[in-house]
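A closer look at the structure
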Amino acid sequence: MKKSFAKIYHPIKDYVMIFLGTALYAFGFNGFILSNEIVPGGLTGVGSLIFYGTGIPVSVSYAGINVILLAFAFKILGKRFIINSLFGIVSLTCTLTFFEWLLDGKSLVDGEPFMSVLIGAVLGGAGLGIIFSANGSTGGTDIIGAIVNKYKNISIGRALLYCDFVIIACSYLIFHSIDKIVFGYVLMFTEMYLLDRVLNANNQSVQFLIFSRKYQEIVDSIIRDLGRGCTVLDGEGGFSKEPVKVIILLSKKKESAMIFRMIKSIDKQAFISQGSVQGVYGEGFDRIKT
């Protein structure tokens, strides 16, 4: 019963997070970026160029171009990613449309373009980070970034960076303003920094070294309650010269509090060392990219 519930719970949780992320991004984009005639990166940047040049709403061009990109990405990124991408695209299209109607092109910060850029970047970067953390995508260049990240050990933020450079530079063809290009690049760097920070905070791994006489109970609890594996090594106390068992456990940082509570409930005298690790690859963690 518990296993079947998890299979239902996690996708629903992902979709809720994707919706919240798209709403956050759409609010920042319409309220602080588009209304100040600043072109961001990504497909919304392409949509902004089309909007400034033709008057076609960003939500319309965004949805249309994504249909073409998803057709190419289906075999590469897999069914689950495409399903989440479809949900993300529909969700962002709806939220973009909603805030286009609600704000009607008005800026929430008048006469302060730089402040608008910073606020929009924080909201947009945090929104994208939430979406990617839930295994989703907003489509467009996010799909390109996900493809690069799948095969190369390059962060999604860096992969998107290269595409965004070109898109933002193209704003000069419409506005003939270096200032707007500079604002666009400030927006891009701030947004990508926030995106990577949110992703890294969510995916950071830690390593535990656990010394306990009740090691078998702790091992059983790790396997049963956490659903993770661990390794038990034979050691010897440097001072006491007595044999000791050492449990090595790798987990996500967000599981740390749960692990400490679990160990304390079994053995309050356990000696525990926790350290951050640069990367963990294998089942339950990141894939090895070649």
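Check the entry above for the structure.
I will try to describe carefully the structure that is included in this document.

Basis of the calculations
- For every chain, the first residue of the written sequence is number 1, and numbering continues from 1 along that sequence.
- Reporting in this predicted model follows two pLDDT cut-offs: at least 70 for local features of residues, and 80 or more for side-chain atom pairs to be given and counted; totals over whole chains, interfaces and linings ignore these cut-offs and use all residues.
- As a rule here, side-chain values cover all heavy atoms of the structure and leave hydrogens and water aside.
- Note on aromatic pairs: the rings of Phe, Tyr and Trp (six-membered ring only in Trp) are paired at centre separations within 6.5 Å, and the planes decide the class, stacked below 30 degrees, edge-to-face beyond 60, tilted for the rest.
- The helix count covers DSSP runs of H or I at least four residues long, the strand count covers runs of E at least two residues long, and both are numbered beginning at the N terminus.
- Accessible area is worked out with a 1.4 Å probe on protein chains only. A residue is then buried under 20% of its type maximum, exposed over 50%, and partly exposed in between.
- Only when the NZ atom of a Lys or the CZ atom of an Arg is both within 6 Å of the ring centre and within 35 degrees of the ring normal do we say a charge sits over the ring.
- A 1.4 Å probe that fits into a set of points on a 1 Å grid over the protein atoms alone but cannot get out defines a cavity; an open set with protein on both sides within 12 Å along at least five of seven lines defines a pocket, and lining residues are those with an atom within 4 Å of a point.
- Grid points are joined across faces, edges and corners, and a volume is the space filled by probe spheres set on the points.
- Charged residues are taken to be Asp, Glu, Lys and Arg, nonpolar residues to be Ala, Val, Leu, Ile, Met, Phe, Trp, Tyr, Cys and Pro, and polar residues to be all remaining types, Gly included.

In the structure shown here, the tally under the stated rule is 13 aromatic pairs. Summarising the aromatic geometry, the rings of F98 and W101 are spaced 5.9 Å apart at their centres and angled 45° between planes, so their arrangement reads as tilted. Linking F98 with W101, this pair stays in helix α3 (residues 58-103), spanning three residues, or about one helical turn. Looking at W101, the relative accessible area reads 63%, which means it is exposed. Ring geometry for F165 against Y185: centres 5.0 Å apart, planes inclined by 45°, an arrangement best described as tilted. Of this pair, F165 sits in helix α6 (residues 156-169) while Y185 sits in helix α8 (residues 178-203); the two residues are 20 residues apart in sequence, bridging distant segments of the chain. Members of the aromatic cluster, connected to one another through ring pairs, are F27, F32, F98, F99 and W101. Taking NZ or CZ as reference, K180 lies 5.4 Å from the ring centre of F175, over its face.

Throughout the structure, instances matching the rule amount to two cavities of 30 Å³ or more. Top element by residues in the lining of the second largest cavity is helix α1 (residues 2-33). It accounts for four residues. The residue makeup of the lining of the second largest cavity, split by class, is five nonpolar, three polar and one charged.

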